[in-house]
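# Residue-level structural notes
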Amino acid sequence: MTSAIPLNVGIARSAGAPAAGGKRVLLAEPRGYCAGVDRAVETVEKALDKHGAPIYVRKEIVHNRHVVETLRERGVIFVDENDEVPEGSLVVFSAHGVAPTVHETAAQRNLRTIDATCPLVTKVHQEAKRFARDDYDILLIGHEGHEEVEGTAGEAPEHVQLVDGPDSVADVTVRDPAKVIWLSQTTLSVDETMETVERLRERFPTLQDPPSDDICYATSNRQTAVKAMAPECDLVIVVGSRNSSNSVRLVEVALGAGARAAYLVDYAREVDPAWLDGVRTVGITSGASVPEILVTGVLDLLAEHGFGEVQPVTTANETLVFALPRELRESRRDASAKS
């Protein structure tokens with residue numbers, strides 16, 4: 001029994017022929033770790049090196065099973081709330097961000113904190129605070145219950161209203177249609193978000209846009225790469241976890257762009273060989289919280305089934321790097337001492 005999510009209900013199109021009539025893999029680039037995830041994972045690793053185990057992390061540091069299990073083996077204790085952390089202990093806040101109330105409860109318990117929130121999520125938090133100060137109704141497009149949405153909404157709960165996709169637009173109510181702005185979760189489908197915005201604008205013609213794109217560069221880039229390769233694919237395999245919003249979106253994007261079938265897997269062992277029956281072109285990508293070793297495992301498995309030809313599909317080059325939280329940055333004096 002596989003634990004993959006079968007989402008093969010998309011649009012069927014003819015796939016392009018592999019070279020020399022054989023089997024091939026189209027490998028999306030970019031894929032895998034984004035700058036925010038890389039920063040968050042390194043934050044926990046550096047905290048372990050500096051302070052030793054155990055350290056506590058509120059929620060999953062990023063939404064990836066392998067990453068969480070690996071860190072747990074190193075002595076990280078993942079908790080749901082601050083009250084599970086012993087007073088005075090060190091707790092790291094995840095890449096998805098937290099509401100101000102989380103910082104307040106940490107202070108009440110004298111917890112030492114390191115905030116690994118992705119800077120692009122922090123940007124959305126700042127936008128929410130800014131427009132709340134200006135007394136706007138803020139329509140936050142995102143998925144109910146997602147940690148990032150909870151954190152952003154928590155910045156201005158009296159001003160933020162969640163809009164969970166196009167079908168929820170009809171339920172939106174605002175105080176003044178002339179003072180409405182939309183913001184979004186950073187890991188959404190670009191196309192679905194724009195559809196939601198169009199429907200919102202039909203109801204509120206003066207709806208304002210965010211000062212800059214809220215959907216992060218990595219989410220957008222990974223979706224663009226999948227759109228480029230999906231029309232030629234009989235099958236797309238997305239490496240990522242079920243609770244990873246951006247990974248699930250990649251499956252949906254693959255189907256919408258023409259892949260005949262698409263599946264989400266955490267590990268190569270979850271790939272069902274039956275999926276490969278009659279398949280000549282397989283597309284591979286991974287969500288923004290997925291280490292490359294997991295993609296390598298899938299490629300190795302496919303090679304065993306005759307898919308040895310790997311062709312990259314490159315649509316962007318990513319060079320962005322975020323600095324670690326200040327609590328973990330080396331001082332110039334420390335760096336000089338090591339050199």
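See the structure above.
All values reported here derive from a predicted model rather than from experimental measurement.

## Regarding the environment of Glu69
- Here Glu69 shows up in helix H2 (residues 65–73).
- We classify Glu69 as partly exposed; its relative accessible area is 35%.

## Points about the sheet that holds strand S8 (residues 160–163)
- As summarised here, the arrangement of the three strands in space is S8-S7-S9, forming an open sheet in which the pairing is parallel. Where the open sheet ends on each side, the last strands, each with one partner, are S8 and strand S9 (180–184). Here the average twist between neighbouring strands, direction ignored, is 30°.
- The sheet contact formed by strand S7 (residues 137–141) and S9 spans five bridges and is parallel.

## Notes on the sheet that holds strand S5 (residues 90–93)
- What the four strands build is an open sheet, ordered S4-S3-S5-S6; its pairing is parallel. Only two strands of the sheet have a single neighbouring strand rather than two, namely strand S4 (76–79) and strand S6 (112–115). Across the sheet, the mean angle separating the axes of adjacent strands is 30° when strand polarity is ignored.
- Of the strands in this sheet, strand S3 (55–58), S5 and S6 are in contact with helix H3 (residues 100–108), which crosses S5 at around 175°.

## Quick word on the nonpolar core
- In this structure, Val44, Ile55, Ile61, Val62, Val76 and Val92 are the most contacted members of the largest nonpolar core, which totals 26 residues.
- Every element with two or more residues in this core is listed here: helix H1 (35–51), S3, H2, S4 and S5.
- Here the element with the most residues in this core is H1; it accounts for six residues.
- In contact with Ile61, other than residues within four places in its own chain, are Ala40, Val44, Val67, Leu71, Phe78, Val92, Phe93, Ser94, Ala95, His96 and Ala116.
- The next biggest cluster of nonpolar side chains, apart from the first, holds 24 residues, and it includes Leu27, Ala261, Val265 and Trp275.

## Considering empty space enclosed by the protein
- As enumerated under the stated definition, the model contains two cavities of 30 Å³ or more in all.
- By volume, the largest cavity amounts to about 270 Å³.
- If you go around the largest cavity, you meet 24 residues; those closest to its centre are Cys34, Val37, His96, Thr186 and Thr187.
- Residue composition of the lining of the largest cavity, grouped by class: 12 nonpolar, 11 polar and one charged.
- A volume near 70 Å³ is recorded for the second largest cavity.
- Lining the second largest cavity, in full, are Ile141, Gly142, His143, Asp164, Gly165, Leu188, Ser189, Glu192, Thr193, Thr196 and Arg249.
- Here the element with the most residues in the lining of the second largest cavity is helix H6 (residues 190–203); it accounts for three residues.
- Of the residues assigned to the lining of the second largest cavity, the class counts are two nonpolar, six polar and three charged.

## Some points on the pattern of salt bridges
- For the coordinates displayed, the defined rule picks out 20 salt bridges.
- Ionic pairing is found between Arg175 and Asp135, a salt bridge with its closest N-O pair at 3.2 Å. Remark: Asp135 occurs in the loop between helix H4 (119–133) and S7 and Arg175 occurs in the loop between S8 and S9; sequence separation between them is 40 residues.
- We classify Arg175 as exposed; its relative accessible area is 52%.
- Owing to a relative accessible area of 39%, Asp135 belongs among the partly exposed residues under this scheme.
- The shortest N-O distance in the salt bridge between Arg199 and Glu195 comes to 2.9 Å. You can see Arg199 and its partner Glu195 sitting in helix H6, four residues apart, about one turn around the helix.

Thresholds applied
Residues numbered from 1 in each chain as written. Predicted model: local features only at pLDDT ≥ 70, side-chain atom pairs only at ≥ 80, totals over all residues. Heavy atoms only, no water. Helix = DSSP H or I, 4+ residues; strand = E, 2+ residues; numbered from the N terminus. Buried < 20%, exposed > 50% of the residue type's maximum accessible area, 1.4 Å probe, protein only. Pairing = 2+ DSSP bridges. Axes fitted to C-alpha atoms, helices over the stretch in contact; angles between N-to-C directions. Contact = heavy atoms within 4.5 Å. Core = buried A, V, L, I, M, F, W, Y, C linked by side-chain atoms within 4.5 Å. 1 Å grid on protein atoms, 1.4 Å probe; cavity = no way out; pocket = protein on both sides within 12 Å on 5 of 7 lines; lining within 4 Å. Points joined across faces, edges and corners; volume = space filled by probe spheres on them. Nonpolar A, V, L, I, M, F, W, Y, C, P; charged D, E, K, R; others polar. Salt bridge = Lys/Arg side-chain N within 4 Å of Asp/Glu carboxyl O.

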